[in-house]
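Structural description and commentary
Take a look at the letters that make up each chain.
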Amino acid sequence: AQSVTQLDSQVPVFEEAPVELRCNYSSSVSVYLFWYVQYPNQGLQLLLKYLSGSTLVESINGFEAEFNKSQTSFHLRKPSVHISDTAEYFCAVTENSGGSNYKLTFGKGTLLTVNP
Amino acid sequence: NAGVTQTPKFQVLKTGQSMTLQCAQDMNHNSMYWYRQDPGMGLRLIYYSASEGTTDKGEVPNGYNVSRLNKREFSLRLESAAPSQTSVYFCASSEYLAQYFGPGTRLTVT
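Details of the overall build of chain A
From N to C terminus, chain A includes zero helices and 12 strands. Taken from the N to the C terminus, the helices and strands of chain A come in the order β-β-β-β-β-β-β-β-β-β-β-β. At 14 Å, chain A has a C-alpha radius of gyration in line with the 13 Å of a compact globule built from 116 residues. Principal-axis analysis of the C-alpha atoms places the extent of chain A at approximately 45 × 30 × 25 Å. Within chain A, the fraction of its 116 residues that count as buried is 43%. Looking at chain A alone, contacts between residues at least 24 apart form 58% of all its contacts between residues at least 6 apart. On chain A, roughly 5,700 Å² of surface is accessible, and the fraction owed to carbon and sulfur atoms is 48%. Taking the average place of the 7 positive charges on the side chains of chain A and the average place of its 10 negative ones, the gap between the two points comes to 10 Å.

As structure tokens, this is what we get:
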């Protein structure tokens, strides 16, 4: 069975500092990986995803994540954060089982707080 | 397009009362999902529907029932609410891999 571990429940940083949110997964088969972002009192929004191909994937707002198969990791990074990046970030995994329905398993979330 | 909509946004129930949470999507997606979100627990899958006419249990189905009314709508019913069901409930839909979420229903059971 698949599982996801987000190693930090809270990450406080100062504005314009770099940040890394860590995510490790466990699965016996190949996987697809996702990062979702949840702003206060809102639903989750897809930030970026790794399906295949290049192991480095990017979002439109400057985040990137790198799939590392040997480390079973999919860490999220941003070189310079803004106040508006304050949110909770969820890593999620689904197994490439060849079916048509993909159930996501979510990590417990990392609350990123960007301070001025 | 509205995407995924959920009603109501907020609800307070007394223990033992019943209610139905409504979800609709206008993206013509086949798959729909119900999650609950609790502090420090992430999102946990309650039920899902891979296609119209099918439903399956997720990780935490006890105390809930679902109905896939048609391709657009997927409702979640609490027959006899318990304080342990106090949570934020999210509906999502997907066609392939990415899931799209509604804004959530905040439910309190007293």
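What follows picks up the thread again.
As for the packing of aromatic side chains
The relation between two aromatic rings is expressed through the spacing of the ring centres and the mutual angle of the planes. The final tally for this structure, using the stated rule, is 12 aromatic pairs over all chains. Here the aromatic rings of A:Tyr36 and A:Phe106 are separated by 5.8 Å at their centres, their planes lie at 55°, and the arrangement is tilted. Of the two residues, A:Tyr36 sits in strand E5 (residues 31-38) while A:Phe106 sits in strand E11 (residues 105-106), which places them 70 residues apart along the sequence. Comparing A:Tyr36 with A:Phe106, the two get one shared label, buried. Geometrically, the ring pair formed by A:Phe106 and B:Phe101 is edge-to-face, given 6.1 Å between the ring centres and 75° between the ring planes. Of this pair, A:Phe106 sits in strand E11 while B:Phe101 sits in strand E10 (residues 99-101), which puts the two residues in different chains. Across this residue pair, the class does not change: A:Phe106 and B:Phe101 are buried.

Here we look at the sheet that holds strand E8 (residues 74-78) of chain B
Residue and element names in this part refer to chain B. Strand order in the open sheet formed by four strands is E1-E3-E8-E7, and the pairing between neighbours is antiparallel. Sheet topology places strand E1 (4-7) and strand E7 (65-68) at the edges, where each strand pairs with a single neighbour. Strand-to-strand twist in this sheet, taken as the mean axis angle between neighbours without regard to direction, amounts to 15°. Looking at chain direction, E1 and strand E3 (residues 19-25) are connected through four bridges and run antiparallel. The residue of E3 that forms the bridge with Thr-7 is Gln-22.

What counts and how
Residues numbered from 1 in each chain as written. Chains lettered and ligands numbered in written order. Predicted model: local features only at pLDDT ≥ 70, side-chain atom pairs only at ≥ 80, totals over all residues. Heavy atoms only, no water. Helix = DSSP H or I, 4+ residues; strand = E, 2+ residues; numbered from the N terminus. Rg over C-alpha atoms; globule rule 2.2 N^0.38 Å. Buried < 20%, exposed > 50% of the residue type's maximum accessible area, 1.4 Å probe, protein only. Contact = heavy atoms within 4.5 Å. Areas by Shrake-Rupley, 256 points an atom, 1.4 Å probe, with all protein chains shown as cover. Lys, Arg positive; Asp, Glu negative; His and termini not counted. Charge placed at Lys NZ, Arg CZ, Asp CG, Glu CD. Phe/Tyr/Trp six-rings, centres within 6.5 Å; stacked < 30°, edge-to-face > 60°. Pairing = 2+ DSSP bridges. Axes fitted to C-alpha atoms, helices over the stretch in contact; angles between N-to-C directions.

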